[in-house]
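Residues per chain are reported as follows:
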Amino acid sequence: GIVVVAKETNTTPSVTILVGLRAGAYYDPGGAEGTAALLARVLDRGTETRTAADIADELDGRGASLSVIAGRHQLTVSATCLAEDFEAIFELVAEVICRPRFDEAEVETRRAELITAILQDEDDPGAVAVDVLMGRLYPTHPYGRRPRGTTATVRGITRADLVTFHRSWFG
């Protein structure tokens, strides 16, 4: 079930790793919209063996980058590093994906950030228009839901909900 696409380039000695998982907003449980968005914000904030600071230090020490983004269909984890650091960063990416910690303090911090982003979207006419249009086009389909959820749904998502979502879609 895994697809690997590789393309060699000789212009720069860097490697980009992009892992796409079918775990985007489309798969949010009903009434818990924003679960994938919150999980994306927490996923790289600690693993079973590394703290968020350890992960940041590893990336900074190697001049590498790591990002996690939840879209409508996919949650993507992307990392870029020098070719010589590929094995270490690949191991880090695998650990972030397979063994996240979901520290309660990190969940609360990232929840507050997500709620702020939702409130900012509510002040953006373009974002509001897209949400209204999608809701009218797909009133009973997951496409009609807001990918980031609402302030109410995000407030109701627990650490246990994130763990369950992770187990369901990252297995």
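Residues numbered from 1 in each chain as written. Predicted model: local features only at pLDDT ≥ 70, side-chain atom pairs only at ≥ 80, totals over all residues. Heavy atoms only, no water.

Engineer: Before we move on, could you go through the side chain of Thr47 and cite the residues and values that matter?
Structural biologist: Relative to the elements of secondary structure, Thr47 occurs in the loop between helix H1 (35-42) and helix H2 (52-62). Among the residues examined, Thr47 registers a relative accessible area of 0% and is labelled buried. If we skip the residues at most four places from it in the chain, Thr47 touches Ile55, Glu95, Val96, Arg99, Pro100 and Arg101. (Helix = DSSP H or I, 4+ residues; strand = E, 2+ residues; numbered from the N terminus. Buried < 20%, exposed > 50% of the residue type's maximum accessible area, 1.4 Å probe, protein only. Contact = heavy atoms within 4.5 Å.)

Engineer: Any details on the nonpolar core? Residues and values, ideally.
Structural biologist: General note: in soluble globular proteins, nonpolar side chains tend to be found buried as a group. Counting residues in hydrophobic clusters, the biggest one holds 36 residues, and the most contacted among them are Leu43, Leu75 and Ile89. Of all the elements in the fold, those that place two or more residues in this core are strand E1 (14-21), H1, H2, strand E2 (65-70), strand E3 (75-82), helix H3 (86-98), helix H4 (104-122) and helix H7 (159-169). (Core = buried A, V, L, I, M, F, W, Y, C linked by side-chain atoms within 4.5 Å.)

Engineer: Outline H1, supporting the account with residue identities and numerical values.
Structural biologist: The buried fraction of H1 is high, at 7 of 8 residues. Those residues of H1 lying buried are Thr35, Ala36, Ala37, Leu38, Leu39, Ala40 and Val42. The inward-facing, buried residues of H1 abut E2, E3, H4 and H7.

Engineer: I'd like a rundown of unusual backbone geometry, residues and numbers included.
Structural biologist: Of note, Phe102 is a non-glycine position whose phi angle comes to about 55 degrees, a positive value. Structurally, Phe102 can be placed in the loop between H3 and H4. Residue Phe102 is classed as buried on the basis of its relative accessible area of 3%.

Engineer: Lay out the environment of Val96 with the relevant residues and their values.
Structural biologist: When you line up the elements, Val96 lands in helix H3. Remark: the alpha-carbon pair of Val96 and Gly126, spanning 30 residues in sequence, is separated by 33 Å. Residue contacts for Val96: discarding those within four places in its chain leaves Leu43, Asp44, Thr47, Ile55 and Leu66.

Engineer: Quick one: what's the story with the packing of aromatic side chains, residue by residue and with numbers?
Structural biologist: Tallied over the full model, the rule gives 5 aromatic pairs. With a centroid separation of 5.2 Å and an interplanar angle of 90 degrees, the aromatic rings of Tyr138 and Tyr143 are classed as edge-to-face. For Tyr143, a relative accessible area of 24% puts it in the partly exposed group. By the ring-pair criterion, three or more aromatic residues cluster together here, those being Tyr26, Tyr27, Tyr138, Tyr143 and Trp169. (Phe/Tyr/Trp six-rings, centres within 6.5 Å; stacked < 30°, edge-to-face > 60°.)

Engineer: Kindly report on the pairing of E2, identifying the contributing residues and their values.
Structural biologist: One ladder, built from 6 bridges, connects E2 with E3; its direction is antiparallel. Bridge pairing in E3 links Ser65 to Thr80. Counted along the chain from E2 to the antiparallel partner E3, the turn is 4 residues long. (Pairing = 2+ DSSP bridges.)

Engineer: So, H7: which residues are in play, and what are the values?
Structural biologist: Along H7, the residues that are buried comprise Leu162, Val163, Phe165 and His166. Buried residues of H7, viewed axially, fall in a sector of 165 degrees; they line one side. (Arc of directions from axis to C-beta.)

Engineer: Could you give me a rundown of a nonpolar patch on the surface, with the residues and numbers involved?
Structural biologist: A cluster of nonpolar side chains, contributed by Leu133, Leu137 and Tyr138, occupies part of the molecular surface with about 280 Å² of accessible area. Of note, Leu137 is situated in helix H5 (residues 125-137). Since its relative accessible area comes to 52%, Leu137 is described here as exposed. (Patch = residues over 30% accessible without salt bridge, like charges linked within 9 Å, V, L, I, M, F, W, Y side chains within 5 Å. Areas by Shrake-Rupley, 256 points an atom, 1.4 Å probe, with all protein chains shown as cover. Salt bridge = Lys/Arg side-chain N within 4 Å of Asp/Glu carboxyl O.)

Engineer: Summarise the pattern of salt bridges; cite the residues concerned and give the values.
Structural biologist: Throughout the structure, instances matching the rule amount to 15 salt bridges. For the salt bridge of Glu95 with Arg99, the shortest nitrogen-to-oxygen distance reads 4.0 Å. Judged by relative accessible area, Arg99 falls into the partly exposed class, the value being 36%. A salt bridge links Asp131 to Arg146; its shortest N-O distance comes to 3.2 Å. Of this pair, Asp131 sits in helix H5 while Arg146 is found in the loop between H5 and helix H6 (151-156), placing the two residues 15 residues apart along the sequence. Several salt bridges share partner residues, and in doing so they unite Arg41, Arg45, Glu106, Arg110 and Glu113 into one network.

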